[in-house]
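# Notes for the structure review
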Amino acid sequence: TTNAITIEKEDALLDKQYEKYTELINNYMSTFISEFTNQAMDNKDYFTIEERHIGTASNEGETISRHMDKNGDIVRYKIIAYGETGKSEQNYYILDSNTIYINILLSEYSCKIMSKYSGDVIYYSVANYIIDNGKACAIDFDDKKVKEMPNDIGIFTISSLEEIFNSSDKFRNFIVVIFFP
């Protein structure tokens, strides 16, 4: 019975975390999407976007972009990595000084990109994570659950992203590794 009570308390805590995280994400994304759309449609400068290549010398492979608001605060990092049989897009949204929302989209192609039949995406995978005060959690929006994850699951911290962005020449042939829960 003690184990059952402990599990119930842990589940209740994770449910509260889910509510907290979804509220933070929804509020942030509402503002971000509105400003990003307004910038595109009204030609106003809400963001400064800088992009660097971190792949091969031929500018194929991976890119990292950094989005800054009008105050110069970094609000998003985006990594795009192309491979022979797929593409990875990782978005790191900085919700506040302690919380990062990470959305990862993996696209798998029907065959190798240089093949006669290339170009068809046959499968998409989506994963959502949050890093809150250094602790990583996976978020399942379908089941409305939060699951604690080990911190070494292949997602980056903001300091790691900044190092990659600022030292892009050092990260030639850099490989983005992603693990899904």
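Notes on the structure follow. (Residues numbered from 1 in each chain as written. Predicted model: local features only at pLDDT ≥ 70, side-chain atom pairs only at ≥ 80, totals over all residues. Heavy atoms only, no water.)

## Remarks on the overall build of the protein chain
Summing up its helical and strand segments, the protein chain has 2 helices and 8 strands in all. When its helices and strands are written in sequence order, the protein chain yields α-β-β-β-β-β-β-β-β-α. Classification of the 181 residues of the protein chain by burial places 39% in the buried group. Counting contacts in the protein chain only where the partners sit at least 6 residues apart, residues at least 24 apart contribute 44% of the total. Summed over its atoms, the accessible surface of the protein chain is roughly 11,100 Å², and 50% of this surface lies on carbon and sulfur atoms. (Helix = DSSP H or I, 4+ residues; strand = E, 2+ residues; numbered from the N terminus. Buried < 20%, exposed > 50% of the residue type's maximum accessible area, 1.4 Å probe, protein only. Contact = heavy atoms within 4.5 Å. Areas by Shrake-Rupley, 256 points an atom, 1.4 Å probe, with all protein chains shown as cover.)

## As for the pairing of strand E5 (residues 99-109)
Where strand E4 (residues 86-96) meets E5, 10 bridges bridge the pair, whose relative direction is antiparallel. Paired with Gln90 across the two strands is Ile104, which belongs to E5. (Pairing = 2+ DSSP bridges.)

## Description of helix H2 (residues 158-166)
The set of residues buried in H2 consists of Leu161, Ile164 and Phe165. Taken around the axis of H2, the buried residues stretch over an arc of 100 degrees, which confines them to a single face. (Arc of directions from axis to C-beta.)

## As for the pattern of salt bridges
Counting across every chain of the model gives 5 salt bridges. Salt-bridge contacts for Lys78 lead to Glu89; the nearest nitrogen and oxygen are separated by 3.7 Å. Residue Lys78 is found in strand E3 (residues 74-83), and its partner Glu89 is found in strand E4; the two are separated by 11 residues along the sequence. Residues Lys78 and Glu89 agree in their burial class; the two are buried. Each of the salt bridges in this network shares a partner with another, and the network as a whole consists of Glu50, Arg66 and Glu162. (Salt bridge = Lys/Arg side-chain N within 4 Å of Asp/Glu carboxyl O.)

## Considering the nonpolar core
In terms of nonpolar packing, the biggest core is built from 20 residues, with Ile64, Tyr77, Tyr92, Ile102, Tyr129, Ile155 and Leu161 touching the most fellow members. Residue assignment for this core shows that the elements contributing at least two residues are E3, E4, E5, strand E6 (121-132), strand E7 (135-140) and H2. With residues near it in sequence (within four places) discarded, Ile155 still touches Tyr92, Ile102, Ile104, Tyr129, Ile131 and Ala136. Residues Ile25, Tyr28, Tyr46 and Val146 belong to the second largest nonpolar core, which totals 16 residues. (Core = buried A, V, L, I, M, F, W, Y, C linked by side-chain atoms within 4.5 Å.)

## As for the environment of Val121
With respect to the element layout, Val121 can be found in strand E6. In this structure, the C-alpha to C-alpha distance between Val121 and Ser107, residues 14 residues apart in sequence, is 6.3 Å. Discounting residues that sit within four places of it in the chain, Val121 has contacts with Ser107, Glu108 and Tyr109.

## Observations concerning unusual backbone geometry
Although it is not a glycine, Asn133 sits at a positive phi angle of roughly 50 degrees. At Lys144, a position not held by glycine, the phi torsion is positive, near 55 degrees. Secondary-structure assignment places Lys144 in the loop between E7 and strand E8 (145-148).

## Examining the environment of Phe165
Along the chain, Phe165 turns up in helix H2. With relative accessibility at 0%, the residue Phe165 sits in the buried group. On a C-alpha basis, the gap between Phe165 and Glu51 in space is 8.3 Å, while along the polypeptide they are 114 residues apart. Discounting chain neighbours no more than four positions away, the residues touching Phe165 are Glu50, Glu51, Arg52, Ile64, Ser65, Arg66 and Tyr77.

Coordinates in, geometry out; function isn't part of it.
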